Amino acid sequence: MITFIHCADLHLDSPFKGLKNIPTDLLAAVRKSTFKALDNLTEQAIKHQVDFVLLVGDVFDQEEQSMQAHMALLKAFRRLEAHQINVYISFGNHDYLASQTFPRNYPDNVYVFNSETVSSYPFKKGEQVAARIYGFSYENRAVLDNKIKEYQKTDEPCFHIATLHGSIGNEQAKEHATYAPFQLSELKEAGFDYWALGHIHKRDVLAEHPPIVYPGNIQGRSTKETGEKGCYLVTLTENNPSLTFLPLSAMTFEKVEVDAREWTDIPQVTEQLLKKLNTYTEGTTLIQLVISQVTEDKETWFINGYVTEMVNYLNEELVASYIINYKWTSEQKRSEWKHGGRFLEELATAFAEMNVEQEVQALWKHREARAWLHDLEEKEIVQEAELLVDQLLHQKEG
Amino acid sequence: MRIDSIHIYGFGKWTDQQFTFDHDGLIEIAGNNESGKTTLRKFISYILFGMKPKELERFIPKQGSTVGGRMKLSGIVSSQLTIERVAGKHKNQALVWTEDGREMDEDWLRTELKGIKETDFQAIYTFDAHDLRQIQEMDNQSLHEVLLAVGMTGTDRIYHTEKHVEKKLAEWFKPNGKKPAINQLLQELKDLQEKLTEAKKLESSYQQQLVEIEQIENQLVALEQEKHQLENKQQQIEKQRTHYQTITDYYHTNARWNRLDHDISFPAQGIKRWNEWKEALLPLKSEERVLANSKQEIEEQINRLELMTDEQLATLAKGVELFQQIEALKSERKDMHKRMVEIEEEVRSKLATMQINLTVEGLQNMELPFYLEEAWADLTNQLEKLAVEKQYIENEQASIKKRKQELREEKEHLLTSQIGQTELKEYQKELEQVNKVEQQEKYQKWHSTYRKQLKNSNILLVIGLVVAVGLFFLTDVWSVVVAIVTIGQNITVRLYGKVFKQWLQPDKATVSTLSEAEIQELERLIQYQTELQNALAEIDKDIQKYQQEQVKQQERHTFLTERIDQLEQKITEQEQAYPFLSMIEVPYWSRLYQQIIVQKQKLSEVQQLKKTINQVDVQLKDQQIKLDGLNLDVENLEQAYQHELDKRNDNKRLQARKDEIQAQLTTIIEKQKPYQEEINQLLQQAEVDTEDAFIAKGEKKEELDLLQEKRQQLTDSLVVLFSEKELQPFVDGAFADKETLERRLQELAKEIQYVTNRIKQAQATLSDRKASVKVLENNEDVSILKHQLAMKQEELQESANKWAVYQVASANLAKAKTTYSQKYLPQVMEQASDYFAKLTLGNYQYIYMEDEKMMVKDSDEFTFDVLELSQGTKDQLYIAIRFALSHVMASRLALPFLIDDGFVHFDSNRKAIVLEIIEELSKEHQLFYFTANPTNNAIIKL
């Protein structure tokens, strides 16, 4: 029997999204949360006295790591060494070998897959080889080949555990590049006792016999990565693998849907939201309010900043959660332009025919700005622009 | 859509006014100024779109009737609609009914009007003289504006919207600006990026420093080794120098040792052991001597004690016992005799104090049986009881006698008040007479009443008979009835009088005449006499009873006297038996018995004592004879016995001591034996016979041992410091002298100092490097800056998105404006050209746009700028455009046109043309033409 922790996508020192206006102390905690999650990982490994820990790629968030990320990892490794826990680490598309600026001066308990070719390390219990761990690291930014054929297990009588940073896909598919693509059936047929995957941030058990597992990342980083994050504690025996999810994240992100149709006045809404958000009691929860069905008369609340004020008040009152931002959509999209007059008909046609990219290139192609601007959410921008024009033309400024 | 009829409840000057418009085409409404044309226009607008309260105030009728009204419309839905709007009703909102009675609200109406607002309506469907005045300012821009205004809901919203969007865009971003928000963000990002690059550069030195640290650490290890070797050498020489004396000694000792004979047979530690045995023996010997002396002394002491034989001692003990017994008996006898005399004396004195003439001897001889005390007490009790009883009877007798006397006296007294029996009967007769007189009076009273009744009855009889006779001639039945009733009642009265007279009339015999007071007196007298006779009979009965009681008491008295005599007899008998009683009253006898009996008991105790004394005397005699038989010196008997016992104890103790000393003596002698044996053995081992020879040989051996020991000591102390190999040269005397050693030490110290300095330098460098690495390791700058950069980038992205929203809005507004103009302006121009040609009677043919400017072309194909035209032509141009706009725009929703006559200064030809145009418009739209100058077609004249 062997016990190990499987985790991936630590993204140490990763920046966070959508936290523009949060208070400094919370921001500091957020910045440190990936490190805290790593601490939690170490604690859990020690607590459960695991045999080893698998880190399957994207340990660091960026191509050039920060010293803090490097030191945090080093410290974690040293602690595990003090408890005789091995670490098998590989690097992925975010922290590929060529990108690393720091020496991998890790202690002796750490085994690094430092080639893009699949290799393996034996894990010994006493003199006996109890498991063999296979894996590879990205040498450059992308690995687009299917690597499964390289996973050839030895005929040692022990557990064979494969680590792989990639996702399901076809290597022939040209339109959307998939990293280290594989087919689920290939993994199932390869004869390994456990497939420790990485790269996909959403926790997912693709198969149970043998377990083919994405543990997800260990710390959510935006409202796109909601809920508890962590790792799997895996026990392999002759008969049955057992998987236990261990939450590690220092703080969680949540989206909270709010239906605004029943809103009457600000105090009532404040009360209602306070009650709703106070159900988050554990740790720190960073919340995005998604307010829908805002009736026409309540739109002024948003335009005149009452809702922002309310959110500020709520943030003072809330204990274990914090509203980082809110989105809202009105009940009725906008006035029906076809009844508005011929000009509006022309406006509608103009919107329908426009090329957003071209319209915004003054900024997007700007010498200084273009390096920083990536996303162009055309759909949202057009929608908002329509709403804006509609409001302005119909004197909805409040 | 057309308006079929209007009913004004009250609006401005109009109250309860109805208009019907069933005329196709132009509806001309004529009236002078102030006749209410404008008010009617406003009313139509009010019904369709409502009005702001402030504006509505102007239209409250002076008479104060309800503001509002209704309007019938067709052409909106399939059937006719009625719209009613009344101020203050239904929240000022319109109510709409269809013909089949369905009811709709304002919202519905608004939808049906395609969202057109009052302003739109004004812009498209109404115009008046005021509009014409605007022609002065008309240029291309204003034409555009007008065009847009009528094309879009709301008039200047587009302009304001554009302005707002442009302003915002400028606030967000200028491609070459510094202040706008996005430009600032870009600058901040640039700064952060620079800082990050700087911080990263610093971190990149990390690996280089780690390599350096490793190099320095290797260098340090080498230096430390070198230093260690030098220090070892230094230590070596330092040792030689420090222990130079020892080394020299070592050399000398070894040399001497080699010269000595190493074979002498002598026991190990011989002399020491010899002395030890000797020393150990000495105290044992002296102790043995002391013990022998002690033993001898004790034996002498024992001989000095002269002891009696055991038989002699037994006799002596017997004598002592007897002597002690005799003494005890003597003392006992003395005590008893004393007690006897005391009791006898006590009894004598007690008897004397009682003064009853009784001696001790008398008492001794007297019998006092146990029942005597009770018998005496009984006598006393009986005597007392009889005396009391006798006294009681005597008292009773005296009281009865007195009572009898009292009763006799009372009887005498009553007898004097009694009267004779005949006299009493007389009185009773008198009283019976009085009762009869009262009955007579009662009868008289009733009789007079009856007579009156009879008289009335008789009168009634006469009347009745007269009536009966009278009635007889009229009806026979009623006369008979009356006659019978009257006669009947008269007979009844008479019968009643007769019967009662017999009952009530008393005898008219003698009647005495006594007064009321006399009667009462008589009754009282008779009563009194009856009571008196009863009292006398009672007294006689009591006297009889007391007589009997007196006899009974007499008998009891006699019986008591006899009992007392018998008791006196018994007392006398006792006095004769115990003469001393005669001196004492009977009641005290029982108490005296107690005292005498106590004394008698004491006397019997004396008797007992006497007997015991005699027994003791016999015992004394026996014991004395036994003592005399032993033939001992009675004087010091006890003393002699004690002395002998003491001597015997001494003897015992001394014997025990002697035994103890003997045992010690034996032990001491035994202890000496092993030492003696050891000594003998030493002599044998040394192969000598005498003590002197032993000691001489021992001293020689000792010298050899000392030398060996010193040699060993030196070796030991040097072995610690030097190796075996290093020691050998010392034995042979091959070692450097002190000066050489000193010199080499100085050389080494210099070398060590040099290496130490180099180590210190390396360590300093190492710790510097390590500290700097530590600082790097703890440096969060890159992390923090990266996060800040990411955050800033996100902020930029958000701002950029917002900018993009405005940018897109702005672009689309511009584009819509252009396409709108492009699409509709030609239509308008074409229509306007047509109207303009008509209005100018063909002088001008075309209106067109050129470089955003409006141009006109005359019939000779000459082109003119609008500004070049005369005022009149400008007016016509405006009207042409205005109508053209309305024509084009109204094609979507055919609301009625409301046109106010603004063509006053047109000449008749042109005016006719205007009307023609209006007429043409009215083919497609209902058209109200309000004018002060009616044509023949005027439908309504106000």
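Residues numbered from 1 in each chain as written. Chains lettered and ligands numbered in written order. Predicted model: local features only at pLDDT ≥ 70, side-chain atom pairs only at ≥ 80, totals over all residues.

This next bit is on the overall build of chain B. When helices and strands are counted, chain B shows 24 helices and 14 strands. Going through the 942 residues of chain B one by one, you find that 17% of them count as buried. Considering only intrachain contacts with a sequence separation of at least 6, the fraction spanning at least 24 residues in chain B is 78%. (Helix = DSSP H or I, 4+ residues; strand = E, 2+ residues; numbered from the N terminus. Buried ≥ 20, exposed ≤ 12 C-beta atoms within 10 Å, placed from the backbone. Contact = placed C-beta atoms within 7 Å.)

Right, let's get into the overall build of chain A. From N to C terminus, chain A includes ten helices and 15 strands. Put simply, 71% of the contacts in chain A that link residues at least 6 apart link residues at least 24 apart.

Turning to the sheet that holds strand β1 (residues 2-11) of chain B, a few remarks are in order. All names here are of chain B. Spatially, β2-β1-β4-β5-β6-β7 is the arrangement adopted by the six strands of the open sheet, whose pairing is antiparallel. Strands at the two margins of the open sheet, each flanked by one partner only, are β2 (14-20) and β7 (103-104). Inspection of the sheet shows strand β6 (residues 95-98) paired to β7 by two bridges, in the antiparallel sense. Opposite Trp97, over in β7, you have Glu103 as the bridge partner. In the packing of helix α1 (residues 37-49) onto the sheet, the strands contacted are β1, β2, β4 (68-74) and β5 (81-86), and the crossing angle to β1 comes to about 105°. (Pairing = 2+ DSSP bridges. Axes fitted to C-alpha atoms, helices over the stretch in contact; angles between N-to-C directions.)

Further remarks concern the environment of Lys501 of chain B. Residue and element names in this part refer to chain B. Its location among the elements puts Lys501 in helix α15 (residues 476-504). A count of 13 C-beta atoms within 10 Å places Lys501 in the partly exposed class. Separated by 58 residues in sequence, Lys501 and Tyr443 have C-alpha atoms that sit 8.1 Å apart.

Residue-level contacts link 49 residues of chain A with 54 residues of chain B. For the side of chain A that touches chain B, the secondary-structure elements that each account for two or more residues are α2 (67-82), α7 (342-353), α8 (356-359), α9 (361-364) and α10 (378-393) of chain A. Here the residues of the side of chain A that touches chain B are counted per class, giving 27 nonpolar, ten polar and twelve charged. (Nonpolar A, V, L, I, M, F, W, Y, C, P; charged D, E, K, R; others polar.)

What follows deals with unusual backbone geometry. Cis geometry marks the peptide bond from His209 of chain A to Pro210 of chain A; its omega dihedral reads -5°. If you trace the backbone, Pro210 of chain A turns up in the loop between β9 (204-208) and β10 (211-214). Despite not being glycine, Asp13 of chain A has its phi angle at roughly 60°, a positive value. A positive phi angle, near 55°, is found at Glu687 of chain B, a position not held by glycine. Secondary-structure assignment places Glu687 of chain B in the loop between α18 (637-685) and α19 (691-721). In this structure Glu687 of chain B comes out as exposed when scored by C-beta crowding, with 11 C-beta atoms within 10 Å.

So, on to the confidence of the model for chain B. Residues and elements named next belong to chain B. Per-residue pLDDT for chain B has a mean of 82; in total, 93% of the residues score no lower than 70. Mean pLDDT across the elements of chain B ranges from a minimum in helix α6 (residues 140-151), with 57, to a maximum in β5, with 91. For this predicted complex, the interface confidence comes out at an ipTM of 0.81, alongside a pTM of 0.52. (pLDDT = per-residue confidence, 0-100.)

With that settled, consider the pairing of strand β5 (residues 119-125) of chain A. All names here are of chain A. Pairing between β5 and strand β6 (residues 128-135): seven bridges, direction antiparallel. By the bridge assignment, Pro122 is partnered in β6 with Arg132. In this structure, the hairpin formed by β5 and β6 is closed by a connection of two residues, where Gly126 is found at a positive phi of approximately 65°.

The next point concerns the nonpolar core. For soluble globular proteins, nonpolar side chains are generally found buried alongside one another. Judged by nonpolar contacts, the single largest core of 96 residues is most densely connected at Ile182, Ala809, Ala832, Ala880, Ala884 and Phe928 of chain B. With 19 residues, helix α22 (residues 781-839) of chain B is the largest single contributor of residues to this core. Excluding its chain neighbours within four sequence positions, the residues that come into contact with Phe928 of chain B are Ile27, Ile29, Pro896, Phe897, Leu898 and Ile899 of chain B. Core analysis: the second largest hydrophobic core is formed by 85 residues, Val50, Phe159, Trp195 and Phe253 of chain A among them. (Core = buried A, V, L, I, M, F, W, Y, C linked by C-beta atoms within 7 Å.)

Sheet strands line up and pair through hydrogen bonds in the backbone, either parallel or antiparallel. All names here are of chain A. The six strands lie next to each other as β5-β6-β7-β8-β10-β9, forming an open sheet whose pairing is mixed. Both edges of this open sheet fall to β5 and β9, since each of them pairs with a single strand only. Strand-to-strand, the axes of this sheet are offset by a mean angle of 15°, without reference to chain direction.

All right, on to the packing of helix α4 (residues 266-277) of chain A against helix α6 (residues 306-317) of chain A then. All names here are of chain A. Contact geometry of α4 with α6 gives a least axis separation of 10 Å together with a crossing angle of 40°. On the basis of the axis angle, α4 is oblique to α6. Handedness of the α4/α6 crossing: right-handed. In this structure, α4 uses Ile266, Val269, Thr270, Leu273, Leu274 and Leu277 to contact α6, whose residues at the interface are Tyr306, Met310, Tyr313, Leu314 and Glu317. (Parallel < 35°, antiparallel > 145°, perpendicular 65-115°, else oblique. Left-handed = near helix turned anticlockwise from the far one by under 90°.)

All names here are of chain B. With five of its five residues buried, strand β13 (residues 927-931) lies for the most part within the structure. Side-chain alternation along β13 places Leu927, Tyr929 and Thr931 on one buried face and Phe928 and Phe930 on a second face that is also buried. Bridge count for strand β12 (residues 897-900) against β13 is four bridges, and the pairing is parallel. When the bridges of β13 are listed, Asp900 appears paired with Phe930.

When two helices pack together, their arrangement is given by the angle between their axes and by how far apart the axes lie. All names here are of chain B. One can describe the packing of helix α8 (residues 181-242) onto α22 by two numbers: an axis separation of 9 Å at closest approach and a directional angle of 160°. The pairing of α8 with α22 is recorded here as roughly antiparallel in orientation. Handedness of the α8/α22 crossing: left-handed. In terms of residue class, the contact of α8 with α22 is built from 13 nonpolar, four polar and eight charged.

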